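A look at the structure
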Amino acid sequence: ETSFDIWSLGMVLYHFAVGEHYFTPRCSLTDETQLFTYLRDATQLDFTKLNASYADPRLRDLIMSCLQYDPHARPTIQQIRDHAFFN
């Protein structure tokens, strides 16, 4: 299963493009259960900062496709390799 890896790639690329982490917990996440609950409940991502960044539009498109909530809607590794950002 690679869908979580794709989501993680989207988070790393977001950090590079915007210059900060997407998730800033509103509480102290001291254990894995709290962390996974926090991430699981994040179904609506806000791309305001990404869209306001100077990132290449192709990179923004790649990031948003990797961060789809539905794992089946995320691109495959091959689709990422073929994405316009890399070509």
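Preceding this paragraph is the structure being described.
A quick note: this is a predicted structure, and the numbers were derived from the prediction, not measured.

1. A word on the overall build of the protein chain
Secondary structure summary: the protein chain contains 5 helices and 0 strands in total. When the helices and strands of the protein chain are placed in sequence order, the string is α-α-α-α-α. Sorting the 87 residues of the protein chain into buried and exposed places 31% on the buried side. For the protein chain, the accessible area works out to roughly 6,200 Å², and carbon and sulfur atoms hold 55% of it.

2. Focus: helix α4 (residues 57–66)
L59, R60, L62, I63, S65 and C66 are the residues of α4 that are buried. Residues of α4 that are buried make contact with α1 (3–18), α3 (48–52) and α5 (77–81). Where α4 begins, the capping side chain belongs to D56, and its oxygen is found 2.6 Å from the backbone nitrogen of R58.

3. Overview of the nonpolar core
If you look at the biggest cluster of nonpolar residues, it comprises 17 residues, and the most contacted ones within it are M11, Y22, F23, L45, I63 and L67. Taken together, the elements giving at least two residues each to this core come down to α1 and α4. Ranked by the residues each element gives to this core, the list is headed by α1, at 5 residues.

4. Quick notes on the packing of aromatic side chains
When we look at a pair of aromatic rings, we describe it by the centre distance and by the angle of the planes. In this structure the tally under the stated criterion is 2 aromatic pairs. On the numbers, 5.2 Å between centres and 75 degrees between planes, the contact of F85 with F86 is edge-to-face. The class for F86 is partly exposed, based on a relative accessible area of 47%.

5. Remarks on the environment of R81
Take R81: it is sitting in helix α5. Excluding anything up to four places from it in sequence, R81 contacts F86 and N87.

6. Things to note about the packing of α1 against α4
Relative orientation of the contacting elements α1 and α4 amounts to 145 degrees, with a least axis distance of 8 Å. In the packing of α1 onto α4, the handedness of the crossing is left-handed. Contact residues: I6, W7, L9, G10, L13, Y14 and A17 in α1; L59, L62, I63 and C66 in α4. A per-class count over the contact of α1 with α4 returns 10 nonpolar, 1 polar and no charged.

Calculation rules
Residues numbered from 1 in each chain as written. Predicted model: local features only at pLDDT ≥ 70, side-chain atom pairs only at ≥ 80, totals over all residues. Heavy atoms only, no water. Helix = DSSP H or I, 4+ residues; strand = E, 2+ residues; numbered from the N terminus. Buried < 20%, exposed > 50% of the residue type's maximum accessible area, 1.4 Å probe, protein only. Areas by Shrake-Rupley, 256 points an atom, 1.4 Å probe, with all protein chains shown as cover. Contact = heavy atoms within 4.5 Å. Polar contact = N/O pair within 3.5 Å; in protein donor to acceptor, adjacent residues only side chain to side chain. Core = buried A, V, L, I, M, F, W, Y, C linked by side-chain atoms within 4.5 Å. Phe/Tyr/Trp six-rings, centres within 6.5 Å; stacked < 30°, edge-to-face > 60°. Axes fitted to C-alpha atoms, helices over the stretch in contact; angles between N-to-C directions. Left-handed = near helix turned anticlockwise from the far one by under 90°. Nonpolar A, V, L, I, M, F, W, Y, C, P; charged D, E, K, R; others polar.

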